[in-house]
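Observations on the model geometry
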Amino acid sequence: MHFHTKNVHFPNKEKAAEVSKTKPIYQTSAFTFKDFEDMEQYFEGEKSYLYTRMGNPNSDDLGRGAAELEGAEMGAASASGLAAILSGVLAAAKQGDHIIATQDLYGGTYSLFANDLKDFGIEVSFVDMEDREAVEQAFQENTVLLYSESITNPLLRVEDIEGLSQVAMAHDVMLMIDNTFATPYLIRPHEKGADIVAHSATKYIGGHSDVTGGVVTGSAEIIQKAKQKTAMLGSSISPFEAWLAVRGLKTMSVRMQKQCSNAAALAEALEQEALIKKVYYPKAASPNGNGAVVTIELGDQLDAGSFSKHLGWIKVVPTLAGLETSVTYPKTTSHRPLSEEDRQKLGVTDRTIRISVGIEDERDIIDGFRKALAETPTATSTS
Ligand SMILES: *Cc1c(COP(=O)(O)O)cnc(C)c1O
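Residues numbered from 1 in each chain as written. Predicted model: local features only at pLDDT ≥ 70, side-chain atom pairs only at ≥ 80, totals over all residues. Heavy atoms only, no water.

Backbone hydrogen bonds are what pair the strands of a sheet, in a parallel or an antiparallel way. Here 5 strands make up an open sheet; going across it, the order is S8-S9-S12-S11-S10 and the pairing mixed. Bordering the open sheet on either side are strand S8 (276-280) and strand S10 (315-316), each of which pairs with just one other strand. Pairing of strand S11 (residues 326-328) with strand S12 (residues 352-356) involves 3 bridges; the strand directions are antiparallel. Bridged to Thr328 within S12 is Arg354. Helix H11 (residues 252-271) rests against S8, strand S9 (293-298) and S12 of the sheet, and its axis sits at about 155 degrees to S8. (Pairing = 2+ DSSP bridges. Helix = DSSP H or I, 4+ residues; strand = E, 2+ residues; numbered from the N terminus. Contact = heavy atoms within 4.5 Å. Axes fitted to C-alpha atoms, helices over the stretch in contact; angles between N-to-C directions.)

A few words now on the nonpolar core. Here is a general trend for soluble globular proteins: nonpolar side chains tend to be buried in one another's company. Within the largest apolar cluster, 48 residues are counted, with the highest numbers of intra-cluster contacts made by Leu146 and Leu175. Broken down by secondary-structure element, the contributors of at least two residues to this core are helix H3 (57-70), helix H6 (132-138), helix H7 (161-170), strand S5 (174-178), helix H8 (183-186), helix H10 (239-249) and H11. No other element matches the 5 residues that H10 contributes to this core. Every residue in contact with Leu146, bar those within four places of it in the chain, is listed here: Ile100, Met129, Val135, Phe139, Leu164, Val167, Ala168, Val173, Met174, Leu175 and Met176. (Core = buried A, V, L, I, M, F, W, Y, C linked by side-chain atoms within 4.5 Å. Buried < 20%, exposed > 50% of the residue type's maximum accessible area, 1.4 Å probe, protein only.)

This brings us to the pattern of salt bridges. Tallied over the entire structure, the rule returns 15 salt bridges. Two residues, Lys94 and Asp97, come together in a salt bridge whose shortest N-O distance is 3.8 Å. You can call Lys94 exposed: its relative accessible area is 57%. One salt bridge connects Lys371 with Glu375, and the closest N-O pair in it is separated by 3.5 Å. With a gap of 4 residues between them, Lys371 and Glu375 both fall in helix H14 (residues 362-375), about one helical turn apart. Relative accessible area serves as the criterion here: at 49%, Lys371 is assigned to the partly exposed category. The exposure class assigned to Glu375 is partly exposed, which follows from its relative accessible area of 39%. (Salt bridge = Lys/Arg side-chain N within 4 Å of Asp/Glu carboxyl O.)

In short, shape yes, function no, at least from these values alone.
Here's what the structure looks like:
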């Protein structure tokens, strides 16, 4: 099957017991049994479900769907992207272990790694992943995991996953990739050697800005561990949230196709605008497209706050991947915990704006930004 077909048909692999075309929502906290002997079957691995925190058909559906599309043996869903990331990390690392992570991480992951993992006794070194020398030097005796993102936030650097996989293999450590920005429609990190892939299903998997969820994929061995961590941390996804995420997932490839083509057109149009200093948009992320996020740096004549007041129907939203085009301000959202110096080092300035491109008509999106540029008062640079 080709990707768009597979994207719609993945859940039907399961043998349907009933005639319902869609999967019912198993909105239940527990499952019933004929007798104690029947209940014992769960513990012998003969039955799949006992108690929803440990597993639920809707949650498994999301795990299975993501695994199918990522080309992995197994997937496990969690209550959020961060919960999924934590489950994957704890499946690979324990107290006393060390992780090497890219320095341009998603803000929430950065905080989790820099603060909370430390409290678990797991140490993380942050490096410039493009600087292979620095990556090599970061390895310690207790390093167990290399961690990065397929397309980074907000400057959209496309990670060399194959290259990192070779480094990970040479050091006998695992490679984990957050594939949220790319989705498996664009990039499938397992095919490039990643051991664990994580997603915030809150973004393109859900796709409609109405779900908070996450999922990790990989070998059954590692994902069973991640699933166990989720059950014990209590960060399981609710059946309804999982059902919504799967509903979203089925249209992921068509949404991505449209959003990527809109994003490419917008990036090209914004390149022509004199009031924009720089446009960040990946060049060769994948044969299917280069992602649905475009980041811009406004020219010195424009103030970002003032620009945000002239966007018309384009909303200010501190996240990405919805159906509607929106913008956010990385300085005060995803990169808020960072010092001014660290932000500058990463290239996030006072004029950096991240655009999440939606499914609207390409010309309306382009016109929306042209109008905002035209209406924002310009000031002569004071520097
Ligand atoms: C949003 C996001 C996360 C965190 O996901 P939540 O669902 O908010 O917990 C992790 N990584 C990336 C790249 C994200 O965009």
